[in-house]
Amino acid sequence: MSEMVEKEAVGESAQAPKTKKMDRTEKEPTILEEEFPLPDWVADWAREAPKLVVRAPGPKSKAIIKIDREYVSYAYDRCFTFTFEKASGASVMDADGNVLLDFTAGIGVENAGWTHPKVVKAIQEQAAKLIHSMANDAYFEKEALFAKLLHEISPGKALKGTFFGNSGAEAVEAAFKLSRYYTKRNEHVAFFGSYHGRIGAGLSLTSRLKLRYSYGPLLPGVVFTPFAYCYRCPFKQTYPECGLWCADYLENQVLELGGPTGQISSIIVEPIQGEGGYIVPPKEFLPRLKKICEAQGALLIADEVQTGFARTGKMFACEHFDVVPDILVMGKALGGGVPLGAIIARNEIMKKWRPGSHSSTFGGNAITMASGLAHVQAIIEENLAERSAKLGAYTMKLLREMQQRREIIGDVRGRGLMIGVELVKNQYTKEPHEATTIQGKCWRNGLMTITSGNYGNVFRIAPPLCISKAQVEKSLSIFEMALKDEEEFLKIGTSAPPG
Ligand SMILES: Cc1ncc(COP(=O)(O)O)c(C=O)c1O
C-alpha cells in the first residue's frame, strides 16, 4: 500500500492548512505507471468523449423534456436538462448526440461500466427464456447461485443468507425488520448526514430534515447521533487527539443518558457516508460501533448500497475497517442497472427469519438475477476493486495537487473511486460553497457530475470503474476549469484567517 493510501486508511483527509501543503505533496507517489486503458468492449463513439455537437438541451432533448414536464411527476429533482440516449463504458450520450464523460456511474450503479456486454448478454438471454421467476415462491437457479456468490464475496466470507428485494430502500426496510425480528427490540441508532432511502424505515433512518419534511410522523424508535465528520467536527475536536469523541458521545451520552431505553435493536451506518458528502470516518470508528453493538446486544447494520461492489477499492467498504457487520445492505451496483436490492446477514440471524416473515413479488426476479449476477461476476473477473484502488489513489493525488492551486477546495477525501471534493468560500472559515453553478459548467463542457453533502457543496468523483486514466485526467481538467471560473467570478483564492 502506498503511503498516501495508508494515510487515507487512518481516515486522514486533505484538509486546508497552508503550512501542510508542501509536506503532503512531497509524500505522494509521483506517477501511476499503469495506463489503465478503456476495455476493448467500449463503443467507438464513447472513446471520443467529450464531444459536444449542439448546445444542450438541443432540439430533440427540448422536445423530450417538454413532454416529460407535462406528464412525469415533479417529485424527481432533475439536476440538469440532460436526456439519456445511450451509454458505454464511462461515457453517456444525450438525445442530440452530445457525448459526456461520466463521473457518476449513474450514482454508483454502473460500476463495471455502462452497458457492459456481459450484463447486456445476460439480460437478453434471460429475457428470451423467462422474465418473471416467482422467485419468492418457487426456486430459481440464478437466485441460488447469486446468493452463493454474495456469501463468497461477503466481508471475511462471514455472511450467509441473502434476501433479495427491489431497491436500496427496500433492502434497508428488510434489514430493519430483520433486526427487530431477531432482537425483539424496536429502537435504532442512525447518524446525522445519513441517507437510507425514501420509504418507511429508510426515510425514518435518514437524518436530513428536508427529506423528512411533510411525511411525519415517521417510524418511532430512531435516535440520531453525530457521524465522524472530521472536517466539520460537530464537537470542534481534532482527530486523532479527540480519541473519537463522537463514539464516546454515542456510548456515554446517547445510550447511557438520553433517548433510547437501552434496548437498542441496531445501529445502522454507511461505512463511508454517501449522500452526506462522501465522508470517510477514521479507521477506529466502525470497530468502536461494533463494540458498542456487542455491549448492547444490538446488531450492526452496514448500509453499503453506495459503497459496495468495488467502489471504494475493496468489494465492500467495511473491509477497510476490518469490520464484519451483522447485516449488510446492498443495492445500486448489485443489479448492474436493473432495480435490485438485497441484504445478507450472519447466518444465525438470517436463519431465525422464518418462512413468510418477509416477501416481495419481484424479489429475486429472473432479469434482475441474471443482470446482477453478470455484473458482479464482471467486477470480480476484471479485478475492478484493484483498478478502483489504484486509479482512485491516482485521482486523489491529482485532486490534492489541484487543491494547492484552487482555494475553493476545502477538503479532498475518499477511498478508491469514491472521492469527495468539498468546496468552501474560505479555507479558514470553511464556509460552504454551494456547487450548482460549477456543476452546470462541468456538464456544459462535457463532464457529467453530481454533488452531495448537507450543504450541496461536495462533488462526488465516482466514475464507472472501467474509466481510463486518460479519461480521469480529461475529466479533472474540465472540473478544474469550472472551479477556476468560479474562483475568478467570486474572487475566491485569497483565503485569509477571519478578522
Ligand atoms: C446508502 C444508501 N442507502 C440506501 C439508498 C436508497 O437506495 P434506493 O434509491 O435504491 O432506494 C441509497 C440511495 O442513494 C443510499 O445511498
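The model shown is predicted, which means the values in this text are computed figures rather than measured ones.

Draft legend 1. Looking closely at the sheet that holds strand 6 (residues 222-225). Pairing within the open sheet is mixed, and its 7 strands lie in the order 4-10-9-8-7-5-6. Of all the strands in the sheet, just strand 4 (162-165) and strand 6 have a single pairing partner and so form its edges. Taking each pair of neighbouring strands and ignoring which way they run, the sheet shows an average axis angle of 20°. The pairing of strand 7 (residues 264-269) with strand 8 (residues 299-303) spans 4 bridges and is classified as parallel. Counterpart to Ile267 in the pairing with strand 8 is Leu300. Sheet strands touched by helix 7 (residues 141-153): strand 4, strand 9 (327-330) and strand 10 (341-345). Its angle to strand 4, the strand with the most contacts, is close to 120°. Packed onto the sheet, helix 11 (residues 245-254) meets strand 5 (187-191), strand 6 and strand 7 and runs at close to 135° relative to strand 6.

Draft legend 2. Geometry of the packing of aromatic side chains. Per the counting criterion, the structure on display carries 14 aromatic pairs. Between the aromatic rings of Phe146 and Phe164, the centroid separation amounts to 5.5 Å while the plane-to-plane angle is 25°, which identifies the pairing as stacked. With Phe146 in helix 7 and Phe164 in strand 4, the pair connects residues that are 18 residues apart, well separated along the chain. A residue is classified by how much of its surface remains accessible, and Phe146, at 0% relative accessible area, is buried. Its relative accessible area of 3% is what places Phe164 among the buried residues. Arranged with centres 5.1 Å apart and planes meeting at 65°, the rings of Phe309 and Phe316 form a pair that is edge-to-face. A relative accessible area of 0% means that Phe309 is categorised as buried. Through a chain of ring-to-ring contacts, three or more aromatic side chains come together here, namely Phe80, Phe82, Phe84, Trp114 and Trp443.

Draft legend 3. The site of the ligand, seen in detail. Taken together, Ser167, Gly168, Ala169, Tyr195, His196, Gly197, Glu270, Glu275, Asp303, Val305, Gln306 and Lys332 make up the full set of residues adjacent to the ligand. Gly168 has a polar backbone atom sitting 2.9 Å from an oxygen atom of the ligand. At a separation of 2.7 Å, a nitrogen atom of the ligand approaches a polar side-chain atom of Asp303. Isolated, the ligand exposes 390 Å² of accessible area, and the fraction of that covered by the protein chains is 82%. Among the residues forming the shell around the ligand, the class breakdown is 3 nonpolar, 5 polar and 4 charged.

Draft legend 4. Seen up close, the packing of helix 15 (residues 384-405) against helix 17 (residues 469-490). Contact pair helix 15 / helix 17: the axes reach a minimum separation of 11 Å and the direction vectors enclose 25°. As far as their axial angle goes, helix 17 and helix 15 are roughly parallel. Every pair of crossing elements has a handedness; the one defined by helix 15 and helix 17 is right-handed. Here Leu391, Tyr394, Thr395, Leu398, Leu399, Met402 and Arg405 of helix 15 come into contact with helix 17, specifically with Lys469, Val472, Glu473, Leu476, Phe479, Glu480, Leu483 and Glu487. Taken together, the residues of the contact of helix 15 with helix 17 sort by class into 9 nonpolar, 1 polar and 5 charged.

Draft legend 5. Quick peek at the layout of surface pockets. Volume-wise, the second largest pocket comes out at about 820 Å³. Lining of the second largest pocket is provided by 24 residues; of these, Ala135, Asn136, Glu143, Thr162 and Phe163 occupy positions nearest its centre. At the level of secondary structure, the elements contributing two or more residues to the lining of the second largest pocket comprise helix 7, strand 4 and helix 13 (347-352).

Draft legend 6. Representation of the pairing of strand 1 (residues 84-88) in the model. For strand 1 and strand 2 (residues 91-94), the ladder comprises 4 bridges, and the chain directions are antiparallel. Along strand 2, the bridge assignment pairs Lys86 with Met93. Between strand 1 and strand 2, which pair antiparallel and follow one another directly, the connecting turn spans 2 residues, one of which, Gly89, has a positive phi of 65°.

Draft legend 7. The environment of Val53, seen in detail. Mapping Val53 onto the fold places it in the loop between helix 3 (44-47) and helix 4 (59-71). Separated by 46 residues in the primary sequence, Val53 and Val99 place their C-alpha atoms 8.2 Å from one another. Setting aside residues up to four positions removed in sequence, Val53 forms contacts with Asp96, Gly97 and Asn98.

Draft legend 8. Representation of empty space enclosed by the protein in the model. Enumeration over the complete set of coordinates arrives at 4 cavities of 30 Å³ or more. In this model, the largest cavity occupies a volume close to 100 Å³. What lines the largest cavity is a set of 15 residues, and nearest its centre among them are Ala228, Cys230, Cys233, Cys242 and Cys246. Residue classes in the lining of the largest cavity are distributed as 13 nonpolar, 2 polar and no charged.

Draft legend 9. The pairing of strand 10, seen in detail. With 5 of 5 residues buried, strand 10 is to be regarded as a mostly interior element. Residues Gly341, Ile343 and Ala345 of strand 10 are buried on one face, and the alternating residues Ala342 and Ile344, pointing to the opposite face, are buried as well. Across 4 bridges, the pairing between strand 4 and strand 10 is antiparallel. Across the sheet, the residue bridging to Phe163 is Ile343, located in strand 10.

Procedures and definitions
Residues numbered from 1 in each chain as written. Predicted model: local features only at pLDDT ≥ 70, side-chain atom pairs only at ≥ 80, totals over all residues. Heavy atoms only, no water. Pairing = 2+ DSSP bridges. Helix = DSSP H or I, 4+ residues; strand = E, 2+ residues; numbered from the N terminus. Axes fitted to C-alpha atoms, helices over the stretch in contact; angles between N-to-C directions. Contact = heavy atoms within 4.5 Å. Phe/Tyr/Trp six-rings, centres within 6.5 Å; stacked < 30°, edge-to-face > 60°. Buried < 20%, exposed > 50% of the residue type's maximum accessible area, 1.4 Å probe, protein only. Near = heavy atom within 4 Å. Polar contact = N/O pair within 3.5 Å; in protein donor to acceptor, adjacent residues only side chain to side chain. Areas by Shrake-Rupley, 256 points an atom, 1.4 Å probe, with all protein chains shown as cover. Nonpolar A, V, L, I, M, F, W, Y, C, P; charged D, E, K, R; others polar. Parallel < 35°, antiparallel > 145°, perpendicular 65-115°, else oblique. Left-handed = near helix turned anticlockwise from the far one by under 90°. 1 Å grid on protein atoms, 1.4 Å probe; cavity = no way out; pocket = protein on both sides within 12 Å on 5 of 7 lines; lining within 4 Å. Points joined across faces, edges and corners; volume = space filled by probe spheres on them.

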